[in-house]
Amino acid sequence: MAETCTRKLIVEVCNAKNLMPKDGQGTASAFATVDFDGQRRRTKTKFRDLNPEWDEKLEFLVHDTESMATEILEISLYNDKKTGKRSTFLGKVKIAGSAFVKSGGETLVYYPLEKRSVFSQIKGELGLKVYYIDEDPPAPPAEQKPEAKAPETEENKPAQEAKPEEEKKEEEKKKEEPKTESNKEVKTEEEKPTPPPPQEENPKKAEEAAPPVKVENPPLADSEKKPSKEEKEKAEIVKRSEVTINDIELRSLGSDRSRSAYDLVDRMPFLYVRVVKAKAAKNESKSPVYAKLVIGTHSIKTKSQSDKDWDKVFAFDKEGLNSTSLEVSVWTEEKKENEEATQECSLGTVSFDLQEVPKRVPPDSPLAPQWYTLESDSSSGNEVMLAVWIGTQADEAFQEAWQSDSGGLLPETRAKVYLSPKLWYLRLTVIQTQDLHLGSGSEAKVRNPELYVKAQLGAQLFKTGRTSFGSASSSSANPTWNEDLVFVAAEPFEPFLTVTVEDVTSGQSVGHAKIHVASMERRTDERTDIKSRWFNLVGCETKPYTGRIHVRVCLEGGYHVLDEAAHVTSDVRAAAKQLAKAPIGLLEVGIRGATDLLPVKTMDGTRGTTDAYVVAKYGPKWVRTRTILDRFNPRWNEQYTWDVYDPCTVLTIGVFDNGRYKRDEAAGKQDKDVRVGKIRIRLSTLDTNRVYLNQYALTVLLPSGAKKMGEIEIAVRFSCSSWLSLIQAYTSPMLPRMHYVKPLSPTQQDILRHTAMRLVTTRLTRSEPPMGQEVVQFMLDTDTHMWSMRRSKANWFRVVGCLTSVATLARWIEGIRTWVHPPTTVLMHVLLIAIVLCPHLVLPTIFMYAFLILAFRFRYRQKVLLNMDSRLSYVDMVGPDELDEEFDGFPTTRSHDVVRIRYDRLRALGGRAQTLLGDFAAHGERLEALWNWRDPRATGIFVVFCLVASLVFYVVPFKMFALGYGFYYLRHPRFRDDMPSVPISFFRRLPSFADQIL
């Protein structure tokens with residue numbers, strides 16, 4: 001088995017904290033058992049310690065590297081009883097194989113202990129380091145004549161050496177641990193995966209019993225035999241690849257066009273022609289040869305090649321063909337000795353009737369090309385090898401084929417999948433400096449310089465506060481800051497983080513130090529202590545040493561780097577792979593087509609045209625459809641999938657006009673893509689396993705006002721495999737734990753968000769073909785923080801809309817008091833008497849009424865997905881001056897300097913007030929969404945809660961509830977948690993209308 005396995009999984013069981021006492025004396029004697037892929041290991045027992053520290057490394061063999069991501073690593077803690085029948089359960093931890101990292105990227109992660117059942121009393125955390133190591137397979141032995149002796153000499157030695165080691169371990173365990181039945185069970189389970197091989201009995205029989213037939217998927221027992229040559233080559237390929245892609249990542253990051261079921265889009269018929277090569281009757285001349293395809297007015301030819309095959313596939317949109325026959329001709333280019341121009345000579349033509357062309361639909365195998373004789377009057381015996389069939393966009397050859405509706409093989413018009421770079425927060429803590437050389441000692445004392453530290457990572461630059469050199473607060477000659485500087489780092493990282501000490505008084509640099517980013521320590525939570533380090537400061541060439549600086553630097557993996565606007569976020573996962581969770585569902589989007597698009601540009605200066613394509617963004621995955629040239633009703637019919645890790649996220653889809661595939665040869669620049677419109681779909685408003693097929697209006701805001709550019713047809717389906725995981729997501733915090741335990745300030749969040757947006761934009765614009773900067777900024781809403789009178793008015797009217805419900809309630813109460821509707825007033829009198837006589841029925845009645853009202857309004861819930869609302873966005877009642885202000889950049893382009901400063905200051909303050917208004921309006925809209933079934937799952941959870949609360953408050957006296965709530969509200973800080981409560985997390989996940997604002 002060791003020969004076939006090239007990977008080992010290392011589990012470092014470091015320590016545990018705050019375990020539940022289980023021995024009856026206020027302590028616990030804990031040990032851990034680790035199970036992985038049929039193998040079990042066990043740590044030593046730490047007696048009478050609720051915070052045990054093991055620091056043990058346990059190794060496991062990975063039998064199949066490709067299926068490692070689907071395996072589950074389970075660690076269980078037990079209390080080792082000296083007396084008793086079995087050990088007491090202390091908790092368990094389950095880690096998916098997709099969270100394993102390669103050696104070098106491991107960090108200490110504390111996992112909360114899980115219960116085995118509902119009634120288990122479990123608490124505490126377990127600190128683990130989990131990583132894998134790829135090892136080279138053992139070298140094959142040298143050529144030996146006696147083949148039968150080889151397995152005896154090689155395999156029996158380690159078995160003989162392992163016996164005394166196992167006996168020593170057993171003797172140590174007998175001394176340290178009591179002989180309980182649980183220990184015996186664990187030992188027997190440990191010995192089962194690695195039994196000593198009985199090789200001394202008849203090694204010849206084993207050779208004779210080996211089956212000669214190769215099995216594609218052998219069972220576990222067969223897989224332990226010697227691998228074949230094909231398996232060895234496969235193991236070498238796996239060993240060379242440093243990054244393993246599991247099934248979950250492959251499904252979320254791939255283009256997903258190889259799927260046979262395009263059930264959300266229409267099948268588009270294409271005529272495929274694969275031209276492989278040609279064969280001339282006379283092989284003496286080596287003139288360049290090319291093939292030409294003609295279908296009506298469509299004509300295309302291959303490259304001219306003399307000694308190579310073409311092997312090109314051409315895909316013609318069948319709806320755009322204006323002929324029923326296909327002609328394929330082969331031509332040669334001959335150049336005479338005295339003439340410079342080349343003369344083309346036809347080798348013949350072959351014709352196909354399109355009505356007799358065979359059809360192929362995956363998963364059928366590809367059509368084999370055949371030799372066809374070319375008909376020609378001048379020469380005979382020439383042949384061409386090609387294949388012709390009718391398929392759909394699901395054909396494997398479609399992606400690399402020449403496409404008639406997207407301009408052929410232009411890179412800028414092809415369908416592509418882009419990935420945002422993986423982002424980390426880099427935290428630099430500047431502590432102090434020592435032994436600074438500021439020139440001569442007399443000059444430093446006279447001018448009493450002020451110092452600050454400047455750190456730069458790529459284009460990001462942050463500074464600390466100033467401190468005086470030699471002041472009492474800075475410990476005389478050792479200036480101290482103790483300030484944190486947070487950067488955004490994108491993989492692959494910048495080479496170095498440059499830290500510079502600046503002298504404000506002289507305006508010169510004291511010295512700088514460079515810190516290698518890739519070698520920085522990574523942490524996943526605040527409990528991991530980062531070691532501080534000293535770095536020497538280097539000055540100019542004549543000053544190789546100007547002092548040293550004391551810093552603490554790390555990469556924060558416990559945060560999610562915010563790279564989108566807060567109200568349209570599509571991903572909330574932490575940066576560290578160890579904190580990754582399994583997806584709770586699958587999002588499938590079918591981009592079908594658009595209708596009635598308006599012309600965006602002119603072609604040849606005579607008529608308008610639109611070359612439209614679609615960009616969809618969810619999480620780190622961006623998809624871009626192919627560009628349909630010169631059509632106002634394009635049909636893409638492309639389907640993509642994403643893994644969903646949180647249901648309260650937003651899918652963004654934008655439509656653009658492609659202006660980059662045409663390069664201005666005179667200026668040497670490409671035109672920018674023009675935005676046509678954008679829609680957003682919140683996943684929490686979707687019913688699971690239901691297809692939503694709708695047309696959405698595309699509205700874009702221009703300096704002249706809002707303009708409807710057309711409509712787009714989208715099909716969406718949100719599939720969920722586990723309802724329990726989906727409902728559990730509503731009760732968990734929106735962001736990872738570090739955002740609440742060690743939060744960033746609002747100002748810092750805004751700065752880092754805009755920095756992350758710039759990094760994502762820069763990386764995507766450097767792809768090939770590049771995604772335009774204007775496209776990325778439009779999809780990420782990079783200008784939402786800017787002041788806009790229109791947005792401020794829209795947010796204000798959102799607040800007024802929420803207060804309308806309160807005003808309606810007040811008018812209703814006033815109507816009851818003034819006997820506007822006598823039966824209602826009489827009923828309220830009866831209700832008042834019931835409340836006074838039976839106060840314990842107040843809360844049950846309220847929750848029962850809420851349950852009945854919500855259940856009655858279920859059939860009136862909104863069944864059509866909402867889109868960008870022009871009325872809600874207040875685009876119809878905005879003036880040209882306000883639009884000019886909105887489209888004005890930051891800083892403003894005003895001529896007068898004073899006006900510019902004051903105006904920018906006002907806009908900055910107005911942007912904060914605008915955000916505050918939007919947040920306040922979102923809270924009111926979330927309450928309305930709870931009652932209007934906008935999020936069916938959230939309202940369903942609240943309905944069940946109302947029913948249960950009605951029954952509970954019917955049983956529990958109100959006085960006991962009030963007393964219990966009072967004690968809970970006034971509880972000691974020791975019993976409080978830093979994380980948000982379940983009601984707050986549930987409320988924040990409710991949808992609002994913020995994602996419908998243009």
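The structure displayed is predicted, hence computed values, not measured ones. (Residues numbered from 1 in each chain as written. Predicted model: local features only at pLDDT ≥ 70, side-chain atom pairs only at ≥ 80, totals over all residues. Heavy atoms only, no water.)

**Notes on empty space enclosed by the protein**
Rule in force here: Cavity means a closed set of points on a 1 Å grid over the protein atoms alone, one where a 1.4 Å probe fits but cannot get out, pocket means an open set with protein on both sides within 12 Å along at least 5 of 7 lines, and lining means a residue has an atom within 4 Å of a point. Grid points are joined across faces, edges and corners, and a volume is the space filled by probe spheres set on the points. By the convention adopted, Pro, Cys, Tyr, Trp, Phe, Met, Ile, Leu, Val and Ala count as nonpolar, Lys, Arg, Asp and Glu as charged, and the other residues, Gly among them, as polar.
Counting across every chain of the model gives three cavities of 30 Å³ or more. Taken as a whole, the largest cavity holds about 180 Å³ of empty space. Taken together, 13 residues form the lining of the largest cavity, with T685, L865, L866, R934 and Q996 sitting closest to its centre. In this model, the second largest cavity occupies a volume close to 60 Å³. As for the second largest cavity, its lining consists of T685, D687, R690, Y692, R861, Q862, K863, W933, R934 and P936. When its residues are assigned to classes, the lining of the second largest cavity shows three nonpolar, two polar and five charged.

**Observations regarding the UniProt feature "transmembrane region" (unreviewed entry) in the protein**
As a reminder of what qualifies: UniProt positions are given in the numbering used here, feature names are shortened, and annotations may be inferred rather than shown by experiment. Helix and strand labels come from DSSP, where a helix needs a run of H or I of at least four residues and a strand needs a run of E of at least two; each type is numbered from the N terminus.
In this numbering, the UniProt entry assigns the feature "transmembrane region" (unreviewed entry) to residues 826-856 and 941-970. What you have in residues 826-856 is 87% helix and 0% strand, and the ends, taken at the C-alpha atoms, are 24 Å apart. Its end C-alpha atoms 28 Å apart, residues 941-970 is made of 90% helix and 0% strand.

**A short note on the confidence of the model for the protein**
The condition is simple: Confidence of the predictor at the level of single residues is captured by pLDDT, which takes values from 0 to 100. Should any heavy atoms of two residues lie within 4.5 Å, those residues are counted as being in contact.
Overall, the prediction assigns the protein a mean pLDDT of 80, with 81% of residues at 70 or greater. Confidence over residues 143-260 falls short of pLDDT 50; this stretch has 111 contacts with residues more than four positions distant or in other chains.

**What about the nonpolar core?**
Here is the rule we go by: For this analysis, a nonpolar core means a set of buried residues of the types Ala, Val, Leu, Ile, Met, Phe, Trp, Tyr and Cys, connected via side-chain atoms within 4.5 Å. Under the scheme applied here, a residue whose accessible area is under 20% of the maximum for its type counts as buried, over 50% as exposed, and between as partly exposed, the area being computed with a 1.4 Å probe on protein chains only.
Counting residues in each nonpolar core, the largest one holds 38 residues, and the members touching the most others are L587, I653, I712 and I714. Elements that contribute at least two residues to this core include exactly β30 (585-595), β33 (612-618), β35 (635-644), β36 (650-657), β39 (674-682), β40 (691-702), β41 (705-720) and α8 (723-730). Counting residues per element, this core draws most heavily on β41, at six residues. Apart from residues no more than four positions distant in its own chain, I653 is found in contact with V589, V614, V615, A616, G677, K678, I679, I712, I714 and M779.

**What about the packing of aromatic side chains?**
Filter applied, for reference: Each Phe, Tyr or Trp ring, with Trp reduced to its six-membered ring, pairs with another whose centre is within 6.5 Å; inter-plane angles below 30 degrees give stacked pairs, above 60 give edge-to-face pairs, and intermediate values give tilted ones.
Within this structure, the stated rule accounts for 22 aromatic pairs. Their ring planes at 55° and their centres at 5.9 Å tell us that F314 and W402 sit as a pair that is tilted. Of this pair, F314 sits in strand β13 (residues 312-317) while W402 sits in strand β18 (residues 402-403), and the two are 88 residues apart along the sequence. Each member of the pair, F314 together with W402, is buried. Ring centres 5.3 Å apart and planes at 55° place the aromatic pair F316 and W402 in the tilted group.

**Notes on the sheet that holds strand β16 (residues 370-373)**
Rules: Whether two strands pair comes down to DSSP finding at least two bridges between them.
Strand order across the open sheet formed by five strands is β16-β17-β10-β13-β18, with mixed pairing between neighbours. Of all the strands in the sheet, the pair left with one neighbour each is β16 and β18. Of the strand pairs in this sheet, β16 and strand β17 (residues 383-391) are connected by four bridges, and their pairing is antiparallel. Bridge assignment links W371 to a residue of β17, and that residue is M385.

**Here we look at the side chain of S684**
Structurally, S684 is set in the loop between β39 and β40. Setting aside residues no more than four positions away along its own chain, S684 makes contact with P647, C648, Y730, R934, D935, P936, R937 and P991.

**Points about the environment of T755**
Summarising the element assignment, T755 is placed in helix α10 (residues 746-765). Its relative accessible area of 4% is what places T755 among the buried residues. Spatially, the C-alpha atoms of T755 and Q460 are 7.9 Å apart, while their sequence positions differ by 295 residues.

**Remarks on the pairing of strand β20 (residues 423-434)**
Of all twelve residues making up β20, twelve are buried, and the element is well covered by its neighbours. When β20 meets strand β24 (residues 480-490), the two strands line up antiparallel, connected through nine bridges. Across the sheet, Y425 pairs through a bridge with V488, a residue of β24. With nine bridges connecting them, β20 and strand β29 (residues 548-556) associate as antiparallel partners.

**Focus: the pattern of salt bridges**
Counted only if it meets this: For salt bridges, the criterion is a side-chain nitrogen of Lys or Arg within 4 Å of an Asp or Glu carboxyl oxygen.
Considering all chains together, one arrives at 42 salt bridges under this definition. When the shortest N-O distance is used, the salt bridge between R989 and D646 registers 2.8 Å. You can see R989 sitting in the segment after α20 (982-988) and its partner D646 sitting in the loop between β35 and β36, a full 343 residues away along the chain. Across this residue pair, the class does not change: R989 and D646 are buried. Ionic pairing is found between R660 and D673, a salt bridge with its closest N-O pair at 3.9 Å. With R660 in the loop between β36 and β37 (663-664) and D673 in the loop between β38 (669-670) and β39, the pair connects residues that are 13 residues apart, well separated along the chain. A single network of salt bridges, built from pairs that share partners, joins D266, R592, R635 and E713.

**Considerations on the packing of α8 against helix α18 (residues 936-955)**
Keep this limit in mind: Helix axes are fitted only over the stretch in contact, all axes being lines through C-alpha atoms; the angle between N-to-C directions runs from 0 to 180 degrees. Roughly parallel refers to an angle under 35 degrees, roughly antiparallel to one over 145, roughly perpendicular to one between 65 and 115, and oblique to any angle outside these ranges.
Running from amino to carboxyl end, α8 crosses α18 at an angle of 80°, the nearest separation of the two axes being 11 Å. Taken as axis vectors, α8 and α18 run roughly perpendicular relative to one another. Two secondary-structure elements touch here, α8 through W723, L726, I727 and Y730 and α18 through R937, A938 and I941. Looking at the contact of α8 with α18 residue by residue, the class counts come to six nonpolar, no polar and one charged.

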